[in-house]
Amino acid sequence: MSIYQDYLKQIEERKDQGLHPQPIDGAELLNKIVEQIKDLDNEYRDGSLNFFIYNVLPGTTSAASVKAKFLKEIILGESVVKEITPAFALEQLSHMKGGPSVEVLLDLALGEDTAIAEDAAKVLKTQVFLYEADTERLENAFKAGNTIATDIIKSYAQAEFFTKLPEIDEKIEVVTYIAGVGDISTDLLSPGGDAHSRSDRELHGQCMFEHNKDMQNELLALKEQHPDKRVMLIAEKGTMGVGSSRMSGVNNVALWTGVPFSKYVPFINFAPVIAGTNGIAPIFLTTVGVTGGIGLDLKNWVQQKDAEGNTIRDEEGEPILKETYSVATGTILTINTKEKKLYNGDTELKDISAAFTPQKMEFMKAGGSYAVVFGKKLQTFAAKALGIEAPQVYATSKEITIEGQGLTAVEKIFNKNAVGTSGATLHAGSYVRAEVNIVGSQDTTGLMTSQELEMMAATVISPIVDGAYQSGCHTASVWDDKSKANIPRLMSFMNDFGLITGRDPKGKYFPMTDVIHKVLNDITVGDWDIIIGGDSHTRMSKGVAFGADSGTVALALATGEASMPIPESVKVTFKGQMKSYMDFRDVVHATQQQMLKQFGGENVFQGRVIEVHIGTLTADEAFTFTDWTAEMKAKASICISEDDTLIESLEIAKGRIQIMIEKGMDNAKQVLKGLVNKAETRITELKTGIKPSLRPDANAKYHAEVVIDLDEISEPMIADPDVNNEDVSKRYTHDNIRPLSFYGGTKKVDLGFVGSCMVHKGDMKILAQMLKNVEAQYGKVEFKAPLIVAPPTYNIVDELKAEGDWDVLVRYSGFEFDDNAPKGEARTGYENMLYLERPGCNLCMGNQEKAAPGDTVMATSTRLFQGRVVKDSGEKKGESLLSSTPVVVLSTILGRTPTLAEYEAAVDGIVLTKFKPSTKQLVR
């Protein structure tokens with residue numbers, strides 16, 4: 001059976017799933033299709049023509065290379081296909097976005113045939129995805145006096161590829177669809193359990209609304225009733241897109257409600273319209289912008305005030321909300337992009353200018369942010385080649401400078417890394433292009449990132465990136481057929497592109513499934529660095545890190561840059577003293593609780609950078625705070641450390657990077673060796689005082705300042721999803737922080753989980769010591785609920801083995817992972833014992849293994865969203881309560897939440913944290 005017949009068989013199988021043929025990305029299949037097109041008598045010729053024209057992925061896929069080559073033959077008359085004229089072949093090339101297509105267009109434009117050259121030049125003037133090799137060819141031809149090349153470069157200097165695009169519509173009519181009440185997790189739009197299908201966009205689209213066919217049919221009915229309008233997805237009384245950047249979520253919304261990118265490229269849509277009563281979660285909003293979409297902050301429910309302006313509260317102290325205007329499903333609204341206002345008929349509802357900044361409107365006009373980024377780069381090249389100043393075509397970058405006002409930490413980092421600015425000192429609100437030092441790609445979004453790189457015709461990592469890593473952590477717990485099909489292909493692509501990869505495509509080093517955030521936290525060796533990572537928990541304790549969608553990660557890898565406004569900051573400091581039996585996780589939860597209390601329930605962290613003056617904690621434990629800031633809805637977090645603490649963190653990082661080198665993970669460019677050298681240089685700077693650790697200025701201005709009183713933290717704190725709250729908008733938020741005593745030592749716990757990026761080596765040592773304490777207290781350790789333990793990294797396992805703690809854990813466990821025989825399928829049930837699982841994300845990700853439906857789970861992880869760690873059963877809602885390692889461990893031994901007395905006895909003699917507020921000045 002030929003590869004084409006295999007494809008036809010796959011098409012029939014997909015029909016049974018209600019799917020169209022999968023887009024073609026492989027050269028072998030397309031070569032066969034081209035062969036059949038050339039054979040006029042071939043029985044498959046008509047089908048082959050259709051696939052060739054309408055079903056090939058663009059960019060640098062191997063199929064795109066075959067397509068571009070055949071189209072070139074047709075244009076030159078070397079092949080004749082009556083259904084594809086030379087003019088139609090050029091049109092096809094114009095939709096292929098770069099790489100092989102641009103190479104062919106350059107061949108034609110710089111060729112001998114003047115008529116063909118002029119036609120090819122017209123197409124080239126519309127293209128923006130040109131790289132150095134392409135522009136070098138143009139520049140060389142220009143210098144040699146080629147008039148076509150001169151004409152193209154002049155067009156690029158004027159940015160005609162952008163200026164000649166249609167303007168966005170002044171009025172966009174939308175019909176509303178309430179996707180949920182309260183915060184909406186990106187899991188609703190793209191469930192973690194369907195991560196394996198994200199690169200197959202049509203297949204993945206079937207999981208929209210967590211496979212809820214009724215909701216999908218409601219959406220289709222709205223589209224049918226209003227064919228001239230766009231559907232706007234809304235989170236009523238909540239924030240849309242909490243939890244992650246989830247490019248696949250935006251892809252799904254675009255697939256169901258957006259605009260097709262090209263009639264020749266299937267299932268790639270852009271320009272979705274998304275909204276929330278409390279806006280869009282920061283990193284999800286960035287993803288919306290990548291696709292040229294619109295994200296609205298509706299504020300259609302507001303807190304009621306009394307005559308004195310005070311918030312009116314209910315019996316439980318919660319603000320009482322009043323609906324100012326309705327967005328009920330089926331409501332027709334008008335977005336006026338010129339006035340930047342939202343209307344219902346002639347009634348003005350809301351100023352929405354924040355959604356229509358000059359930069360965002362450029363993204364909408366260009367069909368996404370990539371085209372703008374590459375367009376600016378191309379215009380700069382052309383102007384330089386011509387020896388002229390680039391005309392001001394794009395909106396000027398907003399630069400805000402406040403005389404006499406100092407800089408916050410994030411303002412300092414952006415000023416250091418900014419490119420293309422006037423040289424003025426920039427404050428929050430300025431829009432900045434900044435160089436990126438570290439980039440991370442994770443495995444369940446990595447396939448999309450590789451697709452994005454192919455579609456923007458990138459073939460190698462930008463030389464200005466210090467280091468980049470491709471993880472295997474989200475598929476660590478179960479090495480099943482889906483993982484075996486996807487992950488090796490991903491690792492091979494990323495390794496070739498220039499990333500350090502968790503799995504070696506050549507098999508020279510053993511697979512490392514370490515949690516990506518932990519690896520990035522180690523390889524970030526500069527406190528002035530900018531980090532971009534394909535996960536919401538890209539939150540480092542050195543530098544400033546931003547979780548991002550797969551496309552923004554691809555852009556950072558390809559260009560070494562990211563563009564964004566400098567965020568406002570909220571300063572967090574500490575006072576008082578921790579009680580000996582408290583864990584640092586309790587400080588993290590108390591920070592959120594006390595902040596909400598201090599600001600009357602308003603989350604001042606949302607969309608801002610939390611500048612936490614951590615002072616005395618090394619990177620491992622400080623990461624626990626920065627990691628949780630994703631759940632605080634912050635855009636990012638920066639740790640302000642004492643010099644000695646930063647030195648200690650860098651020494652730890654240096655050692656761990658060296659281990660990676662010794663395992664054989666470095667590449668030909670010795671990226672890891674370069675990071676070790678950078679760490680050594682920074683340590684020298686700190687020790688000699690040449691360049692102290694990052695500190696804000698004493699006269700910096702913050703949006704708010706929060707002081708956390710450690711004396712108020714008298715017992716362990718738990719983030720509770722409050723699954724049965726009568727107000728559904730208050731379920732599954734991370735704002736409901738309760739003390740241990742709330743549960744009275746009686747709440748049944750069905751399963752415990754110690755793992756995810758929120759734990760570090762210290763947590764594993766606490767677990768070992770607690771088990772010994774319990775055995776000493778009760779004579780034995782007996783679990784009344786299963787305890788799943790997944791260390792975040794292999795380094796931690798190795799260090800625990802060297803120090804003897806791993807042997808303690810093994811002694812009490814009923815299962816220990818075996819890398820030589822990884823699990824091939826997910827567990828469906830657990831016994832009441834300790835499971836030592838493979839390093840990685842495990843239950844926290846929820847894409848491979850879950851707790852049993854309806855379980856009450858006590859976990860150290862970050863996710864309490866509905867269905868993430870545990871689904872509902874027919875009888876009971878599943879709930880994931882988030883707490884410290886000691887609380888989780890004791891809850892599984894008791895089978896219930898402990899009392900404070902039981903907790904104190906179990907942690908007796910254990911140093912849970914060494915955190916105490918710094919006594920040093922952490923400002924300049």
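Scroll up to find the structure.
Quick caveat: nothing in here was measured; it's all calculated off a predicted structure.

**Student:** Whenever I open this one, the pairing of strand β11 (residues 332-336) confuses me. Can you help?
**Tutor:** Burial analysis of β11 places 4 of its 5 residues in the buried class, which makes it a mostly covered element. Alignment of strand β1 (residues 171-181) against β11, held across 5 bridges, turns out to be antiparallel. In the sheet register, K171 faces β11, and the bridge partner there is N336. Taking the residues that link successive antiparallel strands as the turn, the β11-strand β12 (residues 341-344) hairpin has 4 residues, and the phi of K340 there is positive, at about 60 degrees.

**Student:** Quick question: what am I supposed to make of the pattern of salt bridges here?
**Tutor:** Oppositely charged side chains are able to pair whenever their charged atoms sit close together. Applying the stated rule across the entire model yields 53 salt bridges. Its salt-bridge partner being D527, residue R682 comes within 2.7 Å of it at the nearest N-O pair. Of this pair, R682 sits in helix α26 (residues 671-688) while D527 sits in the loop between α21 (516-523) and β19 (530-533), and the two are 155 residues apart along the sequence. D527 shares its class with R682; the two are buried. Two residues, D727 and K730, come together in a salt bridge whose shortest N-O distance is 3.9 Å. Each member of the salt-bridge network shares a partner with another, and the members are D522, D620, R656, K761, K765, E799, E803 and D805.

**Student:** It is not clear to me how the packing of aromatic side chains should be interpreted in this structure. Could you clarify?
**Tutor:** Two descriptors summarise a pair of aromatic rings, namely the distance from one centre to the other and the angle between the planes of the rings. What the rule picks out here adds up to 21 aromatic pairs. Seen from their ring centres, F574 and F625 are 6.5 Å apart, and the 85 degrees between their planes marks the pair as edge-to-face. Here F574 is found in strand β22 (residues 569-575), whereas its partner F625 is found in helix α24 (residues 619-628), with 51 residues between them in sequence. On the basis of relative accessibility, which here comes to 0%, the residue F625 falls in the buried class. Taking 6.2 Å as the distance between ring centres and 85 degrees as the angle between the ring planes, the aromatic pair formed by Y794 and F817 counts as edge-to-face. With Y794 in helix α28 (residues 794-803) and F817 in the loop between β30 (813-816) and β31 (834-836), this pair connects stretches of sequence that are 23 residues apart.

**Student:** Teacher, can you tell me more about the sheet that holds strand β16 (residues 438-441) here?
**Tutor:** Adjacent strands of a sheet form backbone hydrogen bonds with each other and so pair up, either parallel or antiparallel. With parallel pairing, 5 strands are arranged side by side in an open sheet as β18-β17-β16-β19-β20. Strands at the two margins of the open sheet, each flanked by one partner only, are β18 (500-501) and β20 (544-547). In this sheet, β20 lies alongside β19 in parallel orientation, the contact comprising 4 bridges. Along β20, the bridge assignment pairs I532 with F546.

**Student:** Would you explain the packing of helix α19 (residues 443-455) against helix α20 (residues 481-497) in this entry?
**Tutor:** Any two packed helices are characterised by how steeply their axes cross, that is the angle between the axes, and by the distance between the axes. Remark: α19 packs on α20, axes separated minimally by 10 Å, with the N-to-C direction vectors making an angle of 50 degrees. Taken together, the axes of α19 and α20 lie oblique to each other. The interaxial crossing formed by α19 with α20 has left-handed handedness. Contacts between α19 and α20 involve D443, G446, L447, T449, S450, L453 and E454 on the former and, on the latter, N486, I487, R489, L490, F493, M494 and F497. Here the contact of α19 with α20 is composed, by residue class, of 7 nonpolar, 4 polar and 3 charged.

**Student:** Would you take a moment to explain unusual backbone geometry for this structure?
**Tutor:** Outside of glycine, negative phi angles account for most residues, and trans bonds account for most peptide bonds. Phi at F209 takes a positive value of approximately 60 degrees, unusual for a residue other than glycine. Relative to the helices and strands, F209 resides in the loop between α12 (201-205) and α13 (213-225). With phi around 55 degrees, E210 is a residue other than glycine that occupies positive phi space.

**Student:** What is the right way to read helix α17 (residues 369-386) from this model?
**Tutor:** Owing to its 3.6 residues per turn, the α-helix brings residues three or four apart onto one side. Between its first and last C-alpha, α17 extends 26 Å over 18 residues, near the 26 Å set by a 1.5 Å rise per residue. Those residues of α17 not exposed but buried are S369, Y370, A371, V372, F374, G375, L378, Q379, F381, A382, A383 and A385. Positive backbone phi, at 75 degrees, marks G387, one or two positions downstream of α17.

**Student:** Hey, could you run me through the nonpolar core in this one?
**Tutor:** Counting 126 residues, the largest nonpolar core has Y469, F574, F605, I614 and F625 as the members making the most contacts within it. One finds Y156, L447, A468 and W528 within the second-largest nonpolar core, a separate group that totals 115 residues.

**Student:** Would you explain helix α25 (residues 643-662) in this entry?
**Tutor:** Between its terminal C-alpha atoms α25 stretches 29 Å, which fits the 28 Å expected from 20 residues at 1.5 Å a residue. Two residues or fewer after α25 comes G664, characterised by a positive phi angle close to 95 degrees.

**Student:** What is the right way to look at the sheet that holds strand β24 (residues 636-641) in this model?
**Tutor:** Here we have 4 strands laid out as an open sheet, ordered β24-β23-β22-β25, and parallel in their pairing. Each edge of the open sheet is held by one strand with a lone partner, namely β24 and β25 (704-709). The mean inter-strand angle of the sheet, taken between neighbouring strand axes irrespective of direction, is 25 degrees. As defined by bridge partners, β22 adjoins β25 across 6 bridges and the pair is classed as parallel. Within β25, the residue paired with K575 across the bridge is D709. Strands in contact with helix α23 (residues 584-598) are β22, β23 (609-615) and β25; relative to β25, the strand with the most contacts, it is inclined by about 130 degrees.

**Student:** Sorry if this is basic, but what is going on with the pairing of β22 here?
**Tutor:** Regular strands show a simple pattern: their side chains alternate between the two faces of the sheet. Most of β22 sits inside the fold, with 5 of its 7 residues counted as buried. For β22 and β23, the ladder comprises 4 bridges, and the chain directions are parallel. Directly across from V570, in β23, lies its bridge partner I610. Once the chain exits β22 it traverses α23 before rejoining the sheet at β23, and the crossover so formed is right-handed.

**Student:** Got a minute to help me understand the environment of N820 in this structure?
**Tutor:** In this structure, N820 sits in the loop between β30 and β31. Placed 550 residues apart in sequence, N820 and F270 show a C-alpha to C-alpha distance of 43 Å.

Parameters at a glance
- Residues numbered from 1 in each chain as written.
- Predicted model: local features only at pLDDT ≥ 70, side-chain atom pairs only at ≥ 80, totals over all residues.
- Heavy atoms only, no water.
- Buried < 20%, exposed > 50% of the residue type's maximum accessible area, 1.4 Å probe, protein only.
- Helix = DSSP H or I, 4+ residues; strand = E, 2+ residues; numbered from the N terminus.
- Pairing = 2+ DSSP bridges.
- Salt bridge = Lys/Arg side-chain N within 4 Å of Asp/Glu carboxyl O.
- Phe/Tyr/Trp six-rings, centres within 6.5 Å; stacked < 30°, edge-to-face > 60°.
- Axes fitted to C-alpha atoms, helices over the stretch in contact; angles between N-to-C directions.
- Parallel < 35°, antiparallel > 145°, perpendicular 65-115°, else oblique.
- Left-handed = near helix turned anticlockwise from the far one by under 90°.
- Contact = heavy atoms within 4.5 Å.
- Nonpolar A, V, L, I, M, F, W, Y, C, P; charged D, E, K, R; others polar.
- Expected span 1.5 Å × (residues − 1).
- Core = buried A, V, L, I, M, F, W, Y, C linked by side-chain atoms within 4.5 Å.
- Right-handed = clockwise from strand over helix to strand, strands pointing away.

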